[in-house]
Amino acid sequence: MVDQQDVAVAEVEEEFVAPERGSADELLDAGAHSELDAMRHSAAHVMAEAVLDLFPGTKLGIGPAIEDGFYYDFDLPRPLTPDDLGRIEARMAESVKADHPFVRRELSPEEGRAFFAEHGQPYKVEILDDLAAKSARDGTPMPPTSVYEHGPFVDLCKGPHVASTGKIGPLKLLAVSSAYWRGDQSRPSMQRIYGTVWETQEDLDRYLWRREEAKKRDHRKLGIQLDLFSFHDVAPGAAFWHPKGWTLYQTLRGAMRDLQARRGYQEVYTPPLVEKKLWERSGHWEHYRENMFLFEAEGQTFSLKPMNCPESTYIYRSRVRSYRELPLRLAEYGVLHRNELSGVLSGLTRVRHFVTDDAHIYVRPDQIGSEIQGLMGEIRDAYSWFGLEPRLTFGTRPDKALGDPQVWAETEAQMRTELERSGMQYREKPKDGAFYAPKIDIQIEDALGREWQTATIQVDRVMLPERFDLSYVDEHGQQQRPVAIHRAIYGSLERFIGVLTEHFAGAFPLWCSPVQVTVIPIADRHVAAGEELAGVLRSRGLRVEVDASDNRMQNKIRMAQEQKVPVMLVLGDREIEARAATVRRRGAAKDAPQETVGWEDLAERLGTEVAERRAE
Ligand SMILES: [Zn+2]
Ligand SMILES: [Zn+2]
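Residues numbered from 1 in each chain as written. Chains lettered and ligands numbered in written order. Predicted model: local features only at pLDDT ≥ 70, side-chain atom pairs only at ≥ 80, totals over all residues. Heavy atoms only, no water.

Trainee: What is the right way to read the packing of helix α9 (residues 243-262) against helix α13 (residues 368-384) from this model?
Mentor: The packing of two helices is summarised by the inter-axis angle and the distance between the axes. Between α9 and α13, the least distance of the axes is 11 Å, while the angle of their chain directions is 150 degrees. Of the possible angle classes, the one that applies to α9 and α13 is roughly antiparallel. For α9 against α13, the interelement crossing comes out right-handed. Taking contact as the criterion, the partners of M256, L259 and R262 in α9 are, on α13, E378, D381 and A382. Counted by class, the contact of α9 with α13 contains 3 nonpolar, no polar and 3 charged residues. (Axes fitted to C-alpha atoms, helices over the stretch in contact; angles between N-to-C directions. Helix = DSSP H or I, 4+ residues; strand = E, 2+ residues; numbered from the N terminus. Parallel < 35°, antiparallel > 145°, perpendicular 65-115°, else oblique. Left-handed = near helix turned anticlockwise from the far one by under 90°. Contact = heavy atoms within 4.5 Å. Nonpolar A, V, L, I, M, F, W, Y, C, P; charged D, E, K, R; others polar.)

Trainee: Sorry if this is basic, but what is going on with the packing of aromatic side chains here?
Mentor: Tallying each qualifying case throughout the model produces 22 aromatic pairs. Taking 6.3 Å as the distance between ring centres and 65 degrees as the angle between the ring planes, the aromatic pair formed by Y314 and F468 counts as edge-to-face. On the criterion of sequence distance, the pair formed by Y314 in helix α12 (residues 309-316) and F468 in the loop between α15 (463-467) and β22 (472-473) is long-range, its members being 154 residues apart. Relative accessible area serves as the criterion here: at 40%, Y314 is assigned to the partly exposed category. Measuring from ring centre to ring centre gives 5.3 Å for F386 and F496, while their planes differ by 75 degrees; the resulting arrangement is edge-to-face. Of this pair, F386 sits in the loop between α13 and β18 (391-395) while F496 sits in helix α16 (residues 493-503); the two residues are 110 residues apart in sequence, bridging distant segments of the chain. (Phe/Tyr/Trp six-rings, centres within 6.5 Å; stacked < 30°, edge-to-face > 60°. Buried < 20%, exposed > 50% of the residue type's maximum accessible area, 1.4 Å probe, protein only.)

Trainee: Can you walk me through the pattern of salt bridges in this structure?
Mentor: Opposite charge on two side chains lets them pair, provided their charged atoms get close. Tallied over the entire structure, the rule returns 56 salt bridges. The partner of R321 in a salt bridge is E325, with the nearest N and O atoms 2.8 Å apart. (Salt bridge = Lys/Arg side-chain N within 4 Å of Asp/Glu carboxyl O.)

Trainee: Looking at this structure, how should I read the coordination of the zinc ion (ligand 1)?
Mentor: For a metal with four donors in a tetrahedral arrangement, the ideal angle between donors is 109.5 degrees, while six donors in an octahedron ideally sit at 90 or 180 degrees. The zinc ion (ligand 1) binds to the protein through H41 (NE2), H45 (NE2), C157 (SG) and H161 (NE2); the donor distances cover 1.9 to 2.2 Å. Taken together, the 4 donor atoms surrounding the zinc ion (ligand 1) define angles of 94 to 129 degrees at the centre, an arrangement classified as tetrahedral. Read in sequence order, the donor residues coordinating the zinc ion (ligand 1) give the pattern H-x3-H-x111-C-x3-H. The pair C157 / H161 is uniform in exposure class, with both members buried. (Donors = N, O, S within 2.8 Å, 3.2 Å for Na, K, Ca; no water. Tetrahedral: all angles 85-135°; square planar, octahedral: opposite > 155°, others 65-115°.)

Trainee: I would appreciate a short explanation of the sheet that holds strand β13 (residues 294-297) in the present structure.
Mentor: In a beta sheet, neighbouring strands pair by backbone hydrogen bonds and run either parallel or antiparallel. Pairing is antiparallel in the open sheet, where 3 strands are placed in the order β12-β14-β13. This sheet does not close on itself; its edge strands, each paired only once, are β12 (273-275) and β13. With direction set aside, neighbouring strand axes in the sheet form an average angle of 35 degrees. Looking at chain direction, β13 and strand β14 (residues 300-304) are connected through 4 bridges and run antiparallel. Opposite F295, over in β14, you have F302 as the bridge partner. (Pairing = 2+ DSSP bridges.)

Trainee: Would you take a moment to explain the pairing of β18 for this structure?
Mentor: The side chains of a regular strand alternate, residue by residue, between the two faces of the sheet. Most of β18 sits inside the fold, with 4 of its 5 residues counted as buried. Bridge count between β18 and strand β20 (residues 439-445): 5 bridges; the pairing is antiparallel. If you follow T393 over to β20, its bridge partner there is D441. Here β18 runs beside strand β19 (residues 426-429); their pairing, made up of 4 bridges, is parallel.

Trainee: Is there a simple way to explain the coordination of the zinc ion (ligand 2) in this structure?
Mentor: Of the protein atoms, only C309 (SG), H360 (NE2) and H486 (ND1) coordinate the zinc ion (ligand 2), at distances of 2.1 to 2.2 Å. Every donor residue of the zinc ion (ligand 2) comes from the same chain, spaced as C-x50-H-x125-H. Placement of H360 in strand β17 (residues 353-363) and of H486 in strand β24 (residues 483-492) is noted, with a sequence separation of 126 residues between them. The pair formed by H360 and H486 is uniform in burial state, with each residue classed as buried.

Trainee: Hey, could you run me through the environment of T501 in this one?
Mentor: Of note, T501 is situated in helix α16. Taking the C-alpha atoms as reference, T501 lies 35 Å from P398; in sequence the two are 103 residues apart. With residues up to four places along the chain from it excluded, the contact list for T501 reads H219, L222, G506 and F508. A distance of 2.6 Å separates the side chain of T501 from the backbone oxygen of I497, its partner in a polar contact. (Polar contact = N/O pair within 3.5 Å; in protein donor to acceptor, adjacent residues only side chain to side chain.)

Trainee: When you look at the packing of helix α5 (residues 109-118) against helix α6 (residues 122-138) in this model, what are you seeing that I'm missing?
Mentor: It is the contact of α5 with α6, at a shortest axis distance of 8 Å, that shows an interaxial angle of 160 degrees. By the criterion of interaxial angle, the relationship of α5 to α6 is roughly antiparallel. Relative to α6, α5 is oriented so that their crossing is left-handed. Residue-level inspection shows G112, R113, F116 and A117 of α5 in contact with α6, the latter providing K124, V125, L128 and D129. Classifying every residue of the contact of α5 with α6 by side-chain character gives 4 nonpolar, 1 polar and 3 charged.

Shown next, in the form of structure tokens:
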């Protein structure tokens, strides 16, 4: 049986990102880097005041500001319940109303230690003892102990704080989890209360909405609800794709294959299991081995490939290449494996097994510009299918980089010119390039305002060209080095589908919806006509289901809505007589006017919408 408490704790830990703090300095850091943070940290003090008041004898850990809120760790006489959170919140409201000023005081180290010892706060004493030990070790004087006081409550704290408790905005306590003191499993387990506080009620409401919405949109939940994919502990970090999810997957890949065919790509496939020699040559053996799955067979070491790049060069080098062949665009949907720690695996967004819409484009140096321009077009096209606005960042040469700085500067100048020329917005991030190539990264912002990194374009003049000794014969018969552009537009298909699922809350645009149309016969006698209509639509390539169950029409509509099917076609006597159907679009208002459209006309309209990959 699963312990309910464990489940609640596991969810909390995924939701909040608060690195454990071990050293005394870390423990004293209030995390208050802005005015809003200072308010959040001040709310943590007020929460500690409330908890001490309601649970006398509570021993206090620490209470920093974190992203979107704050927490405080407590050593309490008993486990907290959701009711307790309400009581603590009410008690906090009293303190905020009283508008106690926050007053900073400095005590001598001895006074400070005595104060917290007297007040039964051993964790605070431990922090002070650690600081004293550190001063003794470093031979520096122990700084005075600073405390912040508001109303009846005094805490060991470096600050900063807001002026008074009345300055703390609207707040809400969210959850309780457990946390070991100093992140150390051999130390006491404490109860950590998370809260959030904002400057205005509107901000708080928006945050709470976003949080609820993110839970509802969690792709792992929607994957099950919509029968798209599931995860099983026999294959950590790899999805089991159900028929509908695999349809979505193949549809996205198919759209990219179409785009690539139009742009003159050729698709290749290289072995997933390769000998270690390859990785020694590419440098992955030295730099990336911990992330690779390794196997022994007949005295040789093999690895599942974590990326396609090096193997692509074997196809390039399989014969002499002429300058006339370039650009040579080799796309590959290779199966990749990376040995991520099981603890960090998360749904589709952090996996061990995945496929990217990868390509390696071999060009002459003078073709870099036009190729970048073409790639910008690919990005614009592909992201328009989802109504997403890609944001680009341009990462330049990092301090530790392979290759000649002069060549880097040249490549970067070409890339910058093309970025400007493309008219797309981008932000330059100095020194953020890969160690072998300047890169353009693509981010998207989802419906909840969360930013996701999806794709990348890297202009590599070192790693593949130099290490694998690539060449082409120029118009004078001379051997020249090509440039290798690594590019992915979706990035990992798994991750991209995870992001899309949450962005659309499972309501994918018509063109990529696993089921595009549900035909709803009103009564049994309409089912045969329903099948006939489905046949007309399928002949246009549409994915159609007929709900032939004996449910009532309203139920059938509700079920199709729950499955987020974009188009419902209702068929009764009247419609069949006219060889038409009444159209309901997903998400349309209940009282929206309904159109009745002829079958052939419907096939034409929906077929066109799909072919154009309209984002809706
Ligand atoms: Zn403080
Ligand atoms: Zn690559």
